[in-house]
Protein chains: 2
Amino acid sequence: MHTVIVGGGVIGLATAWRALAQGLAVTVVDPEPASRASYASAGMLPPANEQLYDDEPLRRLYLASRDRYPSFVAELEEVSGRSTGHRRDGVLDVALDAAAVADLDRAHRFHKAHGIRTEALTAEECRVYEPRFAPSVRGGLLAPDDGAVDPRRLTAALLAAVERLGGTLVTDRVTDVLIEGRATGVRLAGGGTVTGDRTVLAAGCWTHLLGGLPPGVVPEIRPVKGQILRLRSEEPFLHRTTRGLAGGSAVYLVPRADGELVVGATYEERGYDTTVTAGGLAELLDKARAVLPEVTGLAFAEVSAALRPGSPDDRPLIGATSVPDLLLATGHFRIGVQLCAVTADALATVLSGDELPDAVRPFSPLRGDGVGTH
Amino acid sequence: MHTVIVGGGVIGLATAWRALAQGLAVTVVDPEPASRASYASAGMLPPANEQLYDDEPLRRLYLASRDRYPSFVAELEEVSGRSTGHRRDGVLDVALDAAAVADLDRAHRFHKAHGIRTEALTAEECRVYEPRFAPSVRGGLLAPDDGAVDPRRLTAALLAAVERLGGTLVTDRVTDVLIEGRATGVRLAGGGTVTGDRTVLAAGCWTHLLGGLPPGVVPEIRPVKGQILRLRSEEPFLHRTTRGLAGGSAVYLVPRADGELVVGATYEERGYDTTVTAGGLAELLDKARAVLPEVTGLAFAEVSAALRPGSPDDRPLIGATSVPDLLLATGHFRIGVQLCAVTADALATVLSGDELPDAVRPFSPLRGDGVGTH
C-alpha cells in the first residue's frame, strides 16, 4: 500500500512518519520541505485559549494532541536521533490591562470547571517566575502541562525519521492531482508523475490550488500571514514560554535552550503576500517591549513571514474526501505544530484501513457543516 | 612614487582614486573593501547641523566638501562608468516638538548670517513637500543645495575607477605598519609585505590598532556604533532626504531612486560590538514612524550595524604624521562619506609633494591641540 503525500510541512512529514511506522510505503512530494509555515512557526504548545475552548470538539482534539505529544516526541527523537527542542515546563499567560485580567480570570474558571490544570498568579507571583516582567504585568495564569517545541528541529527530526524508515522524498512541485474515479497520485512540475494507492493533500494554503481537483472536494484554504521575529542572547533571557495579553491581542515569547527568543506573531489577511514589513516588525517589538522591556538588549537574529492555512471555519480538515483514496490534512490555521501528532496518528489509522478516531471525526472533510466540501 | 593605502572604505578608496588621477602608483590593502562603515552609511549630504557650525574650521571643511562634491561625483561617474546615486534635490529638516522648532529657527538665523541658503517652512509647507508627514510635524527647514549619495554605489564606482586607472587592490589584512625611520609599507596577515614610498592609514576605528606604530603617532580612534535600517517600496515613498528632529535627537530618512528608504541611525558607544539589537531596531522604527506613520507599510529589507571612527575630538585626522612618509586619513566620525572628496583631494595633494590645502590644515594629525598625536 503506497501513499503519496503532497506537502512536506509539519503535517505532511508527521503523517509520513506515522504511516511508515505502520508499515505503509510513503512518498512525500515538496520542492522545499519544512520551508513554509512550519519553518516560521514559534512552536508554542500553549494553554488552549478561550476561542479553542468555546469549541467542544476542537478542545477535545487539542487535549488529545497535548496528551499524545510527549510520547510522540520521545519516539521521534529516538528514531531520528535528533532533539526536537520539546519542553513541557509550562506556559505563562500574563495580563497587561484590566480586560486581560478579566479574560484570564474567566479562562481560569473555565479550566477549573473542565478539570484542566492552571494556576492563577498575582502580579508579584508572575515576577517571581520572571523578574524581567514589565511593571504593567497585572497578573497571570500558569499552565504547567504546556510548553513548546522547536519546529525547525521537529521537522528536521521528522525528515530524518522518514528517511530512516525508508520513505521517499521527491523535491519537486505538484501541479495536478491525478483523479480517474479515484485518486491515483500526482503530476510533477518537472514532468513526471508519482502514483500511489492513496493520496494525502497536506499543502497548507496551497492545497485547493492544486490542479485536477473536482470542484467542491477541497475547500478554499485561506492564507493568514504571520510575521515573526527571532532574537538571541548568550543565555536564555526568559525562563518559560510566555504570552502577553493586552487590548484584546496577544504576543507570545518562546525561549529556546540555546538563547533564541521567538516573538510572534502578526495576523494579517493579505492573500499570498509574505513581505516582512516595518509595521509588522514594529508591532512585534512594541508588544515584546510591553511585556519585557529589557528585550531591547537582545540581538536581532531573523524576521520572517509565512502563511497559516485557514479553512472556511478555521478548523482543520483531516481524513477522507468524497473522492476515493484522496485524503486531506490541512486547515490547521495556527495550531498545525500543536496538532501534528494527533493529525498524523489519525491519518495513519485511516491509511491503514481503519476509521477516523472519535476525537478527529468532527474534523472530517465530509463533516457537511457548510465548510464547502461535498 | 608608490603609495600604500591601508583601508578600502570610502576614504581610502577616494584617496586612492585621486592619487591615481595625479599619476601616482597606488596599492589599497583591505580584506573586504567597502564592507564596514561605508557599507552601512546612509550617504546623507546634509545641512550642516549646529554642532558642525559651532566649529569654524570644520564648517569651512564641510562647505569645501559640499562645493567639491558635484564635480567629484561627475568625474567619478565618467571614469568608472557607474552611477553613485548622487542627488542634490535638497534636505528637509522637520521639527516634531517645540524644542526642535526653536533649534531650526536658530539654525536658520545662523545660516542667513553666514550666507548659506536654507528656507524656513511652516508645517503646512512641509506637508506640501511631503503629504505623508505626521500631524506632529510643526515646521521645517529646507537646505536646497544638499542631498545624498548611495555609499554602496559610490564605493563600487571608486573601486572601478581605481581599477581603471591601474591601481592595485590587495585583499588581505594588514597586521603591521613597517617603520624604519620612515614608513616603508605594511606586513600582511598572509605573511607577505607591501612596500611603498608613502603609507596612508585609512582603517577607520581600527587604525590605531595596527601593529608597529610608535606610541602617540596615531591617536585612539573610538568606534561609535550605528545601527541602520533599510526599507523598500515599489515606488519611492519619500520625495527627498529628510531629517526628523525631536527630543534632542534626530532620525534621517534617505530615499533612493529605486525605492529603498534608509533609516538611520543609532549612536552607541559599545566598543567594537556590531550586534544589531531589538532596541536599535525599535528606536529606528519608532523615530521613523513619528515622522512618517505610513512607513509601517514598507517592506523590511535589511538592518545592519557598523562603527563610525571617532577621533579624540571627533574631528578628522588628515595629512602627515610625525613619522616620515606616514599619513593619516581617519577620524571622520559620521561625515566620512560627506568629506571623502575634500579629504581625498587633500591627501593626493600631499602625496604629490605639496602642502595641505588651507581648509584642511586645521585637521592635520600634527595640529597639536591635545588630540594625542605628537
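Owing to the predicted nature of the structure, the values given are computational and were not obtained by experimental measurement.

### Description of the packing of aromatic side chains
Inference 1: Scanning the model with the defined rule gives 9 aromatic pairs over all chains in all.
Inference 2: Centroid distance W206 of chain A to Y272 of chain A: 6.0 Å. Interplanar angle 45 degrees. Geometry classified as tilted. Of this pair, W206 of chain A sits in the loop between β12 (198-201) and β13 (222-232) while Y272 of chain A is found in the loop between β16 (260-264) and α8 (278-291), placing the two residues 66 residues apart along the sequence.
Inference 3: Residue W206 of chain A is classed as partly exposed on the basis of its relative accessible area, which comes to 32%.
Inference 4: Consider the rings of F300 of chain A and F300 of chain B, whose centres lie 6.0 Å apart with planes at 55 degrees: the pair is tilted. Of this pair, F300 of chain A sits in strand β17 (residues 299-310) while F300 of chain B is found in strand β17 (residues 299-310), placing the two residues in two different chains.
Inference 5: F300 of chain A sits in the buried class, given a relative accessible area of 17%.
Inference 6: Over the face of the ring belonging to Y39 of chain A we find R152 of chain A, whose NZ or CZ atom lies 3.6 Å from the ring centre.

### Notes on helix α5 (residues 98-113) of chain A
Residue and element names in this part refer to chain A.
Inference 1: Compared with the 22 Å implied by 1.5 Å per residue over 16 residues, the 23 Å span of α5 between its first and last C-alpha is a close match.
Inference 2: The set of residues buried in α5 consists of A100, L104, A107, H108 and H111. When α5 is viewed along its axis, its buried side chains cluster within an angular range of 105 degrees and face the same direction. Along α5, the residues that are exposed and aim more than 90 degrees away from the buried face are K112 and A113.
Inference 3: Where α5 terminates, the next one or two residues include G115, which has phi positive at roughly 70 degrees.

### Quick word on the sheet that holds strand β9 (residues 174-180) of chain B
Residue and element names in this part refer to chain B.
Inference 1: If you trace the 3 strands from one edge of the open sheet to the other, you get β9-β10-β11, paired in antiparallel fashion. One side of each edge strand has no neighbouring strand; the edge strands of this open sheet are β9 and β11 (193-195). The average undirected angle you get between the axes of adjacent strands in this sheet is 25 degrees.
Inference 2: In this structure, β9 lies alongside strand β10 (residues 182-188), joined through 6 bridges in antiparallel fashion. From the neighbouring strand, V174 faces β10, where its bridge partner is L188.

Here is what the cut-offs are and how they apply
Residues numbered from 1 in each chain as written. Chains lettered and ligands numbered in written order. Predicted model: local features only at pLDDT ≥ 70, side-chain atom pairs only at ≥ 80, totals over all residues. Heavy atoms only, no water. Phe/Tyr/Trp six-rings, centres within 6.5 Å; stacked < 30°, edge-to-face > 60°. Helix = DSSP H or I, 4+ residues; strand = E, 2+ residues; numbered from the N terminus. Buried < 20%, exposed > 50% of the residue type's maximum accessible area, 1.4 Å probe, protein only. Lys NZ or Arg CZ within 6 Å of the ring centre and 35° of its normal. Expected span 1.5 Å × (residues − 1). Arc of directions from axis to C-beta. Pairing = 2+ DSSP bridges. Axes fitted to C-alpha atoms, helices over the stretch in contact; angles between N-to-C directions.

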